[in-house]
Amino acid sequence: MQPQGILRIAFSVLGVGLLVCAAAPAWGGSPEHQERHFIVKDHPFVVLQNIVNGRIEVKSWKNSEVVVSSTSAPGQVGIDIEQVGDRIEINANSLEPGSEPNEVEVNFQLTVPEKTELQLRTQTGLIYVEQVNGDMKLQSVAGDVHLKEVSGYIIVKTTGGTLICTQCAGKLEFTTISGNAQILQPTLTSLNAMTTTGNILYDGDFMHTGMYSMNSGRGLVEVRFSGNDSFDLKAQTLLGHVDNQAAAFLKPDTHGGHHTVSKFSKGLFGTVGQGLAKVELSSYSGTIRILKRD
Amino acid sequence: MVSRVFQGGAADAFPNGVGSMQCKELEAVLEQEGLTPLPPAARAHLAECMSCQGFFADLTTIQSLAQELPAEADPPERLWVSLRAQLAAEGVIKEEAKLTPDTPWWQSITVWLRPRTLATAAAGIVLLVTGVFLSQKPATKTYLAVIPNRPAPSPVSNSVAPPVVVPPVRNSTVTPRPSPTEEAMANGGLILNQAELSVPNMQLAGNSTVDASLRDNLRTVNEFIAECQQHLKQHPEDELAREYLESAYQQKAELLAAMMDSGGSEH
Amino acid sequence: MHSRRVYALCLRMVSNPADAEDLAQEAFLQLFRKIGTFRGESAFSTWLHRMTVNVVLMRLRKKTLPTDSLEETVDPDAENSGPKRDVGAVDLRLSGAVDRVNLERSIEKLPPGYKTVFVLHDVQGFEHNEIAGIMGCSVGNSKSQLHKARTRLRDLLQEELRAQARQERQAAKSHTGSEG
């Protein structure tokens, strides 16, 4: 073979090698995947304290079994799982000596029975839960929380992460400092959402006898209701303003009582329909917007 | 309320003897067997007696509504703190110490004096203090929410006068005493500030993203607290602003506790 | 899980979060003190709830004046006790007219014994045999108390509906009066 041909082949091999190296995961090797199965009975309770970073994804199935799958860089993370009856506790620890626990990342995928209680905690990763019916407490520092078709008593706490809750039912409590909240097509009977600088959007119906409270320090609080809704509204803001785009649907409050607004704030009170639910909106310096969905 | 025991209604209503069960008997069945499943005689009576139909429907409505009520509720954290303290005082439990049996005695003291533990305890105290003043009903609102720059009282005359409770007059040169809630809130704020002093030197989470997020949010909360305080200085009667300030303090307390708990170690 | 049910039960029995905390704490204290005596003769939840109910009823007995009674607590032999249907009165149908808020308000007004059985059965989902173990009564008595609780609630809810209707009529009158 000609020297030029050898050189060409050598460069091609090197080039391919470089491409392969570039395509390889940043973990420096193929990721480590673990999967464990746990048989459970009626009301499983899954606790996941992910002290390292990473995504937690939870979906449901019909089986009486909890499957815990994890993906991480090889040899970096130790996963401890303990089962006592229907309670399953999962902890992730860094195996590398001297490394900071929060520098390591592991992603979890949990498959659980529909009626499972969850307690999940992570630092920066996304928490995603879909079609699980059970009480849940979800915490994240900077990561977002996405919920889809879940129901139960749902508590979500983030420092800066955003909550997106689609078609959720039950009771929801959300507190955050700078995160936002989007509550879309819910069937919640109770909502308590509070953010200091984030925005809150509620786009859905209000259940009869439900109680809904949305507070933002500086952000926007926006409610979009439908023609079938029935609620008493109390909206007040100190330094912001109330953007009432539903004046045609708001009647004077029919459920007794004169609402007193402090002389320092601007308020809007009224009733839509028969006023069967109770909606309280508040913003310190942001805007409160009410409008009817088309 | 006058109560009457129903007697013979069904017989009057059905002179032909249709419906062998009477209302009283149906009630006895409901009492002993519950609402479902109903025996055939009870169902037959319900089909014919409007009064019992209404009664049965109402009980069913009550049962259905009750099933929607929450069966569980989250106890507040302070319950566990208090329980733990009580159990420890009684000697039922011993406080968990993260020490091995071989740990020398002087090291065990060092563990307790470790700054992070103290900081966590301080944050816990902050949360308890916050819980205390949040549970108090506010009194007359004519004073500043924040105390630190309280002006000195005006000089009194040489003749010794007993302390006078001055009514809340804004332009008075004598600064009236703040209400217990305001004092508690101010004290809570001071404790929070002290807890925050240990934060700058901490490597919070060993992760720059989380660290930055926590610090940014602390800055956000502090700015908001300052804004509320400024507003309350000018409008001390503003209840809504006070509520926001209380919430902001609570958020700050929780944030500081999270920061100190998330693996903080001092450089 | 047990702790949340215990706390929820205390909250329903006294309606005051501070009192409920005290009661729940007392119940858990008892649990820790007496855990050594639990022999597994009943389910743990039954045993824990029994302690909770005892703590609650003891506290309520201390608060009640001597002339008041905690009747309708556990009174298996009282044939004539409990609410009766007032068949002559015009009944307002509850379905569609009452909501959870009305029901919760009415539950607060129930006597302690009725309230306990109602909350344990209809709200928390305990079976009668479990309730009998918790309350220290027979299954038949548990069923009877439940029925009486529901009947009493029906009366309370109807009273509330009538009161609401009266208020609305008065509000409508004063509104038209001020316009005229």
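Computed from a predicted structure; not experimentally measured. (Residues numbered from 1 in each chain as written. Chains lettered and ligands numbered in written order. Predicted model: local features only at pLDDT ≥ 70, side-chain atom pairs only at ≥ 80, totals over all residues.)

A. Here's a closer look at the overall build of chain B. Helices and strands together make up the secondary structure of chain B, namely 10 helices and two strands. Of all 267 residues assigned to chain B, the portion counted as buried reaches 30%. Within chain B, residue pairs in contact and separated by at least 24 positions form 73% of the contacts whose partners lie at least 6 positions apart. (Helix = DSSP H or I, 4+ residues; strand = E, 2+ residues; numbered from the N terminus. Buried ≥ 20, exposed ≤ 12 C-beta atoms within 10 Å, placed from the backbone. Contact = placed C-beta atoms within 7 Å.)

B. Representation of the overall build of chain C in the model. For chain C, the count of helices and strands is seven helices and zero strands. Mapped from its N terminus to its C terminus, chain C presents α and β elements in the order α-α-α-α-α-α-α. Per-residue burial for chain C yields a buried fraction of 41% across its 180 residues. Here the analysis covers contacts within chain C between residues at least 6 apart in sequence; of these, 70% occur between residues at least 24 apart.

C. View of the confidence of the model for chain C. Per-residue confidence for chain C gives a mean pLDDT of 78, with 78% of residues at or over 70. Across the predicted assembly, pTM comes out at 0.54 and ipTM at 0.80. (pLDDT = per-residue confidence, 0-100.)

D. Layout of the sheet that holds strand β18 (residues 211-216) of chain A. Residues and elements named next belong to chain A. Strand order across the open sheet formed by 12 strands is β5-β6-β2-β8-β10-β12-β14-β16-β18-β23-β20-β22, with mixed pairing between neighbours. Both edges of this open sheet fall to β5 (77-84) and β22 (266-272), since each of them pairs with a single strand only. If you compare each strand with its neighbour and ignore which way they point, the axes differ by 10° on average. Here strand β2 (residues 45-50) runs beside strand β8 (residues 117-122); their pairing, made up of five bridges, is parallel. Paired with Val47 across the two strands is Gln119, which belongs to β8. (Pairing = 2+ DSSP bridges. Axes fitted to C-alpha atoms, helices over the stretch in contact; angles between N-to-C directions.)

E. Spatial organisation of the interface of chain C and chain B. Every contact between the two is made by 38 residues of chain C and, on the other side, 37 residues of chain B. Sorting the residues of the side of chain C that touches chain B by element identifies α1 (2-14), α2 (17-34), α4 (100-109), α5 (112-123) and α7 (139-179) of chain C as the ones contributing at least two each. When its residues are assigned to classes, the side of chain C that touches chain B shows 14 nonpolar, nine polar and 15 charged. (Nonpolar A, V, L, I, M, F, W, Y, C, P; charged D, E, K, R; others polar.)

F. Just the nonpolar core, in detail. Membership of the largest hydrophobic core comes to 61 residues, with the highest contact counts inside it found for Val46(A), Val58(A), Val129(A), Ile154(A), Met214(A) and Val279(A). When residues of this core are assigned to domains, at least three fall in each of domain 1 (34-122) and domain 2 (144-294) of chain A. If near-sequence neighbours (up to four positions away) are discounted, Val129(A) is found in contact with Val58(A), Leu118(A), Met136(A), Leu147(A) and Val150(A). In terms of nonpolar packing, the next biggest core, distinct from the first, is built from 45 residues, Cys10(C), Phe28(C), Met51(C) and Ile134(C) among them. (Core = buried A, V, L, I, M, F, W, Y, C linked by C-beta atoms within 7 Å. Domains from an automatic or database assignment.)

G. Just the sheet that holds strand β11 (residues 145-148) of chain A, in detail. All names here are of chain A. With respect to topology, 12 strands assemble into an open sheet ordered β1-β4-β7-β3-β9-β11-β13-β15-β17-β19-β24-β21, the strand pairing being mixed. Strand pairing shows two members of the sheet lacking a second neighbour, β1 (32-39) and β21 (241-244), which therefore form its edges. Between one strand axis and the next, the sheet turns by 10° as a mean value, whatever way the strands run. As defined by bridge partners, strand β13 (residues 163-166) adjoins strand β15 (residues 181-184) across four bridges and the pair is classed as parallel. By the bridge assignment for β15, Leu163 is matched with Ala181.

H. Local environment of the interface of chain C and chain A. Contacts between the two partners involve six residues from chain C, matched on the other side by five residues from chain A. Only α4 and α7 of chain C provide two or more residues apiece to the side of chain C that touches chain A. Residue composition of the side of chain C that touches chain A, by class: three nonpolar, one polar and two charged.

I. Representation of the packing of α1(C) against α5(C). Residues and elements named next belong to chain C. Two elements in contact, α1 and α5, have axes whose closest approach is 10 Å; the angle formed by their N-to-C orientations is 140°. Classified by the angle their axes make, α1 and α5 are oblique. Classified by chirality, the crossing of α5 by α1 is right-handed. Contacts from Leu9, Arg12 and Met13 in α1 reach Pro112, Lys115, Thr116, Val119 and Val123 in α5. Within the contact of α1 with α5, the residues separate by chemical class into five nonpolar, one polar and two charged. (Parallel < 35°, antiparallel > 145°, perpendicular 65-115°, else oblique. Left-handed = near helix turned anticlockwise from the far one by under 90°.)

J. Looking closely at the environment of Gly204(A). Residue and element names in this part refer to chain A. Along the chain, Gly204 turns up in the loop between β17 (200-203) and β18. Separated by 25 residues in the primary sequence, Gly204 and Asp229 place their C-alpha atoms 9.1 Å from one another. Once you skip the residues sitting within four places of it in the chain, Gly204 turns out to touch Ile183, Leu184, Gln185 and Pro186.

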